[in-house]
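Coordinate analysis (summary)
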Amino acid sequence: TVDNLRLANVDDVIVVTTDTSQPIIDYCQKMRISYVAGDDDGDLLHQMLLAVKEECDVVRVWGDNPFPFAWLIDIGVHFFGISRFDYVVDHTSDSYCSIVRSSTLFVLKERRLNKNDRYDIHTWMVNNLHSCVLNYPVLPMKLTIDTPEDLEEIRRLYKNGSNYM
């Protein structure tokens, strides 16, 4: 997954996780992947800010997406770069990536949003910022893992797909 992200037109990949996700932390350390770990309180805004060290555009790839396609991220990054939107997300549900300026995140931090809005910061940004949802047809199948059935489907696709590689 991280290798796919490194193929995208981004400067750095930083895994943002919680301090209770020891297997993820161990993997990042073993593979020498930059990571930050924060409180397990569901505050997505806070967790995203942990990864920001300077003024930059933040590309978030959802953790339940085991196949972050570099070309898909590049489309979002390119559109964000040429647009005047504060926030760009590829879909409103089953998202693969979103892009926001770090300066926007810092402004939101100062607004003292309530806990629910901070937890579901992406929905809040779509509804309250100058945002754009790119509803282009991406894939003919859903590749996020939200349920046990999703995991079984991914396993089936991987097993069958290995015959074509």
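Below or above, wherever it landed, is the structure these notes cover. These numbers come from a predicted model, not from an experiment.

With 17 residues, the main nonpolar core has Tyr87, Val100, Leu105, Leu108, Ile121, Trp124 and Met125 as its most contacted residues. Only α3 (44–50), β4 (87–89), α5 (102–110) and α7 (121–128) provide two or more residues apiece to this core. Per element, the largest residue contribution to this core is 4 residues, and it comes from α3. Setting aside residues up to four positions removed in sequence, Ile121 forms contacts with Leu44, Leu45, Met48, Leu108 and Leu113. Counting 15 residues, the second largest nonpolar core, distinct from the first, contains Cys28, Ile33, Ala70 and Ile99.

A word on the environment of Thr18. Tracing the backbone shows Thr18 in strand β1 (residues 15–18). Of the residues examined, Thr18 reaches a relative accessible area of 11% and is grouped as buried. Residues Thr18 and Gly38, spaced 20 residues apart in sequence, show a C-alpha to C-alpha distance of 4.7 Å. Non-local contacts of Thr18, meaning those with residues more than four positions away in its chain, are made with Ile25, Ala37, Gly38, Asp39, Asp40 and Gln47. In this structure the side chain of Thr18 is engaged in a polar contact, spanning 2.8 Å, whose partner is the side chain of Ser21.

Its location among the elements puts Ser131 in strand β6 (residues 131–133). For Ser131, the side chain forms a polar contact with the main-chain oxygen of Val126, separated by 2.9 Å.

About the criteria used
Residues numbered from 1 in each chain as written. Predicted model: local features only at pLDDT ≥ 70, side-chain atom pairs only at ≥ 80, totals over all residues. Heavy atoms only, no water. Core = buried A, V, L, I, M, F, W, Y, C linked by side-chain atoms within 4.5 Å. Buried < 20%, exposed > 50% of the residue type's maximum accessible area, 1.4 Å probe, protein only. Helix = DSSP H or I, 4+ residues; strand = E, 2+ residues; numbered from the N terminus. Contact = heavy atoms within 4.5 Å. Polar contact = N/O pair within 3.5 Å; in protein donor to acceptor, adjacent residues only side chain to side chain.

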